[in-house]
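# Architecture and fold: a report
Letter by letter, the chains look like this.
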Amino acid sequence: MSAVLITGPPGCGKTTLIRKAVTELGVAAAGFYTEEIRSAGRREGFALVTLDGRRTTLASVRIRSPHRVSRYGVDLEALETVGLPALENADAKLLVIDEIGKMELLSPRFQEAVVRALDGATPLLASIMISRHPFADTVRSRPDVRIIHLTPESRDRAREAVVAALREVLR
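About the criteria used
- Residues numbered from 1 in each chain as written.
- Predicted model: local features only at pLDDT ≥ 70, side-chain atom pairs only at ≥ 80, totals over all residues.
- Heavy atoms only, no water.
- Axes fitted to C-alpha atoms, helices over the stretch in contact; angles between N-to-C directions.
- Helix = DSSP H or I, 4+ residues; strand = E, 2+ residues; numbered from the N terminus.
- Parallel < 35°, antiparallel > 145°, perpendicular 65-115°, else oblique.
- Left-handed = near helix turned anticlockwise from the far one by under 90°.
- Contact = heavy atoms within 4.5 Å.
- pLDDT = per-residue confidence, 0-100.
- Buried < 20%, exposed > 50% of the residue type's maximum accessible area, 1.4 Å probe, protein only.
- Pairing = 2+ DSSP bridges.
- Right-handed = clockwise from strand over helix to strand, strands pointing away.

The relative placement of two packed helices is expressed as an angle between their axes plus a distance between the axes. Packing of helix 1 (residues 14-25) against helix 5 (residues 155-170) leaves a shortest axis separation of 10 Å and a crossing angle of 45 degrees. Taken as axis vectors, helix 1 and helix 5 run oblique relative to one another. As helix 1 packs across helix 5, the resulting crossing turns out to be right-handed. Seen from helix 1, the contacting residues are L17, K20, A21, E24 and L25; seen from helix 5, they are R155, A158, R159, V162, V163, L166, R167 and L170.

Below, the structure written as structure tokens:
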């Protein structure tokens, strides 16, 4: 197993689980997670935050872009200039990608980076969209990945399973 992939419906806690697992594992980790950008209680977009503290806007209702997911314009340059370099930390013992989803998959360079991460020697912890997508389906079908389905009810058990699986490969 080279990767643990967390999947589940939007809002079930995938990002929270990833952040807690990385903290609990306590190893040098590199990569990024996404978080909602809210204004007046309403979601207006998504930020990409690297584990070393860099932050950029990945998608927003205010971004004018030919790349769109729902009502959000997606800034592929932000993903490719901030998110992808965060995966290239040679000292990392764990790579983190949150998430392999519709917005990120608009970038062929992101898809290439995911394949490099999966084929590399460093274990990967990632979230992956639950819906069908040719690239995501290929990633999910790899024999070297373990899929953990997350629901609001299974959060604690899922976190324990993620941490246990990664501890095995981090030895």
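The structure having been displayed, the exposition proceeds.
Scored by pLDDT, the chain has a mean of 95; 99% of the residues are at 70 or more. Considering each helix and strand of the chain separately, the mean pLDDT is smallest for helix 5, with a value of 92, and largest for strand 8 (residues 124-128), with 98.

Judged by how many residues are buried, strand 8 sits mostly within the fold: five of five residues are covered. Judged by which residues are buried, strand 8 turns out to be covered on both faces: L124, A126 and I128 on one side and L125 and S127 on the other are all buried. Two elements, strand 1 (residues 3-7) and strand 8, share four bridges in a ladder whose sense is parallel. Within the sheet, the bridge partner assigned to V4 lies in strand 8 and is L125. The sheet contact formed by strand 7 (residues 94-100) and strand 8 spans four bridges and is parallel. Counted as the bridge partner of I97 is A126 from strand 8. Following the backbone out of strand 7, through helix 3 (residues 108-119) and into the adjacent parallel strand 8, one traces a crossover that is right-handed.

On to the pairing of strand 7. The side chains of a regular strand alternate between the sheet's two faces. In terms of residue burial, strand 7 counts as a mostly covered element, since six of its seven residues are buried. Direction of pairing for strand 2 (residues 29-39) relative to strand 7: parallel, over a ladder of four bridges. The partner of A29 across the bridge, within strand 7, is L94.

This part takes up the sheet that holds strand 3 (residues 42-50). Spatially, the nine strands line up as an open sheet ordered 5-6-4-3-2-7-8-1-9, and their pairing is mixed. Taken across any chain shown, the strands that pair with only one partner, and hence form the sheet edges, are strand 5 (68-69) and strand 9 (145-149). Where strand 1 meets strand 9, five bridges bridge the pair, whose relative direction is parallel. Paired with T7 across the two strands is H149, which belongs to strand 9. Each of strand 1, strand 2, strand 7, strand 8 and strand 9 touches helix 3; the most contacted strand, strand 7, lies at about 145 degrees to it.

A few words on the side chain of S2. Position of S2 relative to the elements: it lies in the segment before strand 1. We classify S2 as buried; its relative accessible area is 13%. Excluding its chain neighbours within four sequence positions, the residues that come into contact with S2 are L118, T122, P123, L124 and D144.

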